[in-house]
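What follows is each chain in one-letter form.
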Amino acid sequence: MTEQLRMMAVHAHPDDESSKGAATMAKYVSEGVDVLVATCTGGERGSILNPKLQGDPYIEEHIHEVRAKEMDEARDILGVKQEWLGYVDSGLPEGDPLPPLPDGCFALQDVDEAAGTLVKLIREFKPHVITTYDENGGYPHPDHIMTHKISMVAFEAAGDPSRYPEAGEPWQPLKLYYNQGFNRPRTQALHDALLERGMESPYGEWLERWDSMGRERTLTTYVPCGDFFEIRDKALIAHATQIDPDGGWFRVPMDLQREVWPTEEYELAKSLVGTSLPEDDLFAGIRNN
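Anyway, here's the lowdown on the structure attached to this text. Note that the structure is a prediction, hence the values are computed from the model and not measured.

Conventions adopted
- Residues numbered from 1 in each chain as written.
- Predicted model: local features only at pLDDT ≥ 70, side-chain atom pairs only at ≥ 80, totals over all residues.
- Heavy atoms only, no water.
- Salt bridge = Lys/Arg side-chain N within 4 Å of Asp/Glu carboxyl O.
- Helix = DSSP H or I, 4+ residues; strand = E, 2+ residues; numbered from the N terminus.
- Phe/Tyr/Trp six-rings, centres within 6.5 Å; stacked < 30°, edge-to-face > 60°.
- Buried < 20%, exposed > 50% of the residue type's maximum accessible area, 1.4 Å probe, protein only.
- Lys NZ or Arg CZ within 6 Å of the ring centre and 35° of its normal.

### What to know about the pattern of salt bridges
Now for step 1: Applying the stated criterion across every chain, the model contains 20 salt bridges.
Now for step 2: For the salt bridge of Lys-81 with Asp-34, the shortest nitrogen-to-oxygen distance reads 3.1 Å. Of this pair, Lys-81 sits in strand β3 (residues 81-87) while Asp-34 sits in strand β2 (residues 34-41); the two residues are 47 residues apart in sequence, bridging distant segments of the chain.
Now for step 3: In this structure, the salt-bridge partner of Glu-267 is Arg-217, at a minimum N-O distance of 3.0 Å. Of this pair, Glu-267 sits in strand β7 (residues 263-271) while Arg-217 sits in the loop between α8 (204-213) and β6 (221-224); the two residues are 50 residues apart in sequence, bridging distant segments of the chain.
Now for step 4: The network of salt bridges with shared partners includes Lys-27, Glu-31, Asp-281 and Arg-287.

Have a look at this one:
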């Protein structure tokens, strides 16, 4: 392929792009790939998870603007482009029974209508590869599940001239992947390596609960990107309201991560080109066509 390769990562909230596949994106940017993050919501209902910033009245009153500024910083660190789809965060409902979702939120939108917004962006950017979440959302946040739904509709519809004719000239992406960076083999490998070195592991409780979470997936694609883990972490820390820089995300030494598990993982969900599994490149089968 002689034209520039393009990748679109569809995410629910600002910060998701930095916690799921960020090193992969930074790697591809370094290779000249054009990468666009499509952020479905503004993250307005996300809890302030960094204890150092909890209770800050300015942040609480201006959370939408604060999270947008954090996204700008993370985008620049990763070297990607970024667009907002413009939907309102649904929040993560808690309780038994769960409370109803807020009126007008992303998860309550009509799937076909919301997919049309993504189709327009796909037709404008023309990605060869799209990454998104699986049918469980990676974890069952209503916005993550909705992101999966509209991504699947948009992947099929973007190349069909009879669908969403108002959204621009048709463009058919060639491959669609689910982010699967939070997987048991990686978690177990890092956990074991930490214990073998006499270090404390942040993964013990995760592994004890793993079977009950129903998260076993088929990993098809392992992208080598260990050289970009620092950029990933720097982008994640830019989302200061969401990430505690002293928290569990950053307890595994970087050299150990690169030695034990230097890849990010994906599940190939749809492909219109031939490829051999397992892959080490999201553009496998595209580069040589």
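### Observations concerning the packing of aromatic side chains
Now for step 1: In total, this model carries five aromatic pairs according to the counting rule given.
Now for step 2: A ring pair is formed by Tyr-203 and Trp-206, whose centres lie 5.6 Å apart and whose planes are at 55°; its orientation type is tilted.
Now for step 3: Residue Tyr-203 is classed as buried on the basis of its relative accessible area, which comes to 7%.
Now for step 4: Among the aromatic residues, ring-to-ring pairing joins Phe-182, Tyr-203 and Trp-206 into one connected group.
Now for step 5: Across the ring face of Phe-229, the terminal group of Arg-232 is positioned such that the distance to the ring centre comes to 4.3 Å.

That's the geometry; what it means functionally is another story.
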